Amino acid sequence: MAALQTALLVLLAITSVLLIMLILLHKGRGGGVADMFGGGVTSTMSSSGVAERNLNRITIVLALVWLIVIVTLGLFTRFGWAG
């Protein structure tokens, strides 16, 4: 079980870094903190391109993997399956 827990921890670290990078790649939509201080620029929010849709899909899948790893590690801790 210790090897599985170690593999999950490594997977968690990798998915965390990738998730941060993918979120930072997304196009800004406005309405954030910058708008509160007058720094917002309005942009047209028509349909997103193929690259943006694929980026959204990859981000969602990676977030689901990250969430499953977090829950699995929590179960290891809760039920004492840790090695």
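Residues numbered from 1 in each chain as written. Predicted model: local features only at pLDDT ≥ 70, side-chain atom pairs only at ≥ 80, totals over all residues. Heavy atoms only, no water.

A. Local environment of the overall build of the protein. Secondary structure assignment for the protein yields 3 helices and 0 strands. Counting from the amino terminus, the protein carries its helices and strands in the arrangement α-α-α. Counting every position in the protein, which comprises 83 residues, the buried fraction comes to 16%. In the protein, of all internal contacts separated by at least 6 residues, the share reaching a separation of at least 24 is 86%. As presented, the protein carries roughly 6,300 Å² of accessible surface, and 73% of it is formed by carbon and sulfur atoms. (Helix = DSSP H or I, 4+ residues; strand = E, 2+ residues; numbered from the N terminus. Buried < 20%, exposed > 50% of the residue type's maximum accessible area, 1.4 Å probe, protein only. Contact = heavy atoms within 4.5 Å. Areas by Shrake-Rupley, 256 points an atom, 1.4 Å probe, with all protein chains shown as cover.)

B. Local environment of the packing of helix H1 (residues 2–25) against helix H3 (residues 50–78). The geometry of H1 relative to H3 is characterised by a closest axis approach of 9 Å and an angle of 150° between their N-to-C directions. Here H1 lies roughly antiparallel to H3, going by the angle between them. Considering how the two elements wind past one another, H1 and H3 form a crossing that is left-handed. Taken together, the residues of the contact of H1 with H3 sort by class into 20 nonpolar, 5 polar and no charged. (Axes fitted to C-alpha atoms, helices over the stretch in contact; angles between N-to-C directions. Parallel < 35°, antiparallel > 145°, perpendicular 65-115°, else oblique. Left-handed = near helix turned anticlockwise from the far one by under 90°. Nonpolar A, V, L, I, M, F, W, Y, C, P; charged D, E, K, R; others polar.)

C. Layout of the nonpolar core. Counting residues in hydrophobic clusters, the biggest one holds 5 residues: Leu-8, Leu-12, Val-69, Leu-73 and Phe-76. Examining the composition of this core, we find that 3 residues originate from one element, H3, more than from any other. Ignoring sequence-local partners within four residues, the contact set of Leu-8 consists of Val-69, Thr-72, Leu-73 and Phe-76. (Core = buried A, V, L, I, M, F, W, Y, C linked by side-chain atoms within 4.5 Å.)

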